[in-house]
Amino acid sequence: MDNNTLGVLTVVATPIGNLGDITPRAVETLAEADVIAAEDTRRTLQLLNHLGIKNNLISYYRHNEEARVDYMLSLLEQGQNIALVSDAGTPGISDPGQVLIQAATEAGYVVTMAPGPAACIQALVLSGMDTNRFTFEGFLPLNKKNRRARMAQLANETRTMIFYEAPHKLVNTLEDMQETWGAERKIALCRELTKLHEEIVRVTIGEALAMYEEVPPKGEFVIVVAGGEEVEETAELTNEGIVAAIQERIDAGMRLKDASKEAAKALGIPARDAYQIYLDSEK
Ligand code: SAM
């Protein structure tokens, strides 16, 4: 394949509320592409009008994704540059995009990105929870059985979890969450991000349920749930194992006292003992 004569697919993130969040690169890509593939052409037209851009739009949405792919690849083959956008945020993140991106990369075309807003990342950062390790769960399955199975899979998840949810299903989802992780688990409800009524509610699952049962939720929500406590395998609780558990935490930047406390908690032994065993190992 001669990549110089082939078109490039650029994934373009668009604002999730505040139009000021469009990046100069996104504007340039939308203006210069030969064609813009949009989830909803009417919605993207509004954005283009706001930006003063006139360009060719074709529709690429959930239900024609598969059928459209060959046509899109043929455009790339002819040397046409495609900009891919969804209604809001990052294409491919709970939005159409993945099928085309996968097909284009597999066929060897250049795929690049004009990055920008994604509600999940913004919510994670604003939640104030652990951002070192997290899992994006998107929308939970609608089907009851699949939903139960997903919640069961997540019951012992220790990473911070990010979910998308529609306002009219929020209370139901909070009930499922309470059943899975208990009322005391920390949760952040990130509403209307980047918009006039942006609001981050950092409470427990039980408190969130009480709040939204009283006042029905409105607007767009991302739910961020704290991961569960790490439970370490304690099949063989040796001094070496205890020292290793403390050392692991020191290597990750913790002070000895804190590392001993946390390791001891995870291993179910007194912090004093863990600390002493570590000191002894250094002699
Ligand atoms: N592709 C988008 C992204 O990059 O975030 C997500 C699209 S998905 C169809 C829509 C869901 O994203 C909403 O139901 C909500 O959970 C979340 N969302 C999108 N915009 C939001 C905003 N401004 N504030 C809070 N949540 C938002």
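First things first, this report covers the structure right here in the doc. Because the structure is a prediction, the values reported are computed rather than measured.

Calculation notes
Sequence order as written defines the numbering, with residues in each chain counted from 1. Local features in this predicted model are restricted to residues of pLDDT 70 or higher, and side-chain atom pairs are both shown and tallied only at a pLDDT of 80 or more, whereas totals for entire chains, interfaces and linings draw on every residue. Values reported for side chains reflect all heavy atoms of the structure, with hydrogen atoms and water molecules removed beforehand. One heavy atom within 4 Å of a molecule or strand makes the whole residue count as near it. Here a polar contact is taken to be a pair of N or O atoms separated by no more than 3.5 Å, where protein atoms must pair a possible hydrogen donor with a possible acceptor and residues adjacent in sequence count only if both atoms sit in side chains. Each helix is a run of H or I in the DSSP string that is no shorter than four residues. Each strand is a run of E no shorter than two, and both are numbered from the N terminus. Domain start and stop positions are those given by an automatic or database domain assignment. Put simply, two rings from Phe, Tyr or Trp (the six-membered ring, in Trp's case) pair if the centres are within 6.5 Å, and we call them stacked under 30 degrees between planes, edge-to-face over 60, tilted for the rest. Burial status follows relative accessibility: with a 1.4 Å probe on protein chains alone, a residue under 20% of its type maximum counts as buried, one over 50% as exposed, and anything between as partly exposed.

### Some details on the site of the ligand
- The environment of the ligand is made up of 19 residues, and the closest members are Thr90, Asp95, Tyr164, Leu193 and Phe221.
- Here a nitrogen atom of the ligand sits 3.0 Å away from a polar atom, N or O, in the main chain of isoleucine 16.
- Contacts to the ligand include alanine 119, whose backbone N or O atom sits 2.9 Å from an oxygen atom.
- At the level of elements, strand 7 (160–165) and strand 10 (221–225) are the ones that each hand at least two residues to the shell around the ligand.
- Lining the shell around the ligand are residues from two domains, each supplying at least three of them: domain 1 (8–117) and domain 2 (120–225).

### Looking at the packing of aromatic side chains
- Under the defined criterion, the tally for this structure stands at four aromatic pairs.
- With 5.1 Å between their ring centres and 70° between their planes, phenylalanine 136 and tyrosine 164 make a pair best called edge-to-face. Taken together, the residues phenylalanine 136 in strand 6 (residues 134–139) and tyrosine 164 in strand 7 connect sequence positions 28 residues apart.
- Assessed through its relative accessible area of 10%, tyrosine 164 is described here as buried.
- Here the aromatic rings of phenylalanine 163 and tryptophan 181 are separated by 6.2 Å at their centres, their planes lie at 50°, and the arrangement is tilted. On the criterion of sequence distance, the pair formed by phenylalanine 163 in strand 7 and tryptophan 181 in helix 7 (residues 170–181) is long-range, its members being 18 residues apart.

Keep in mind these values describe shape, not function.
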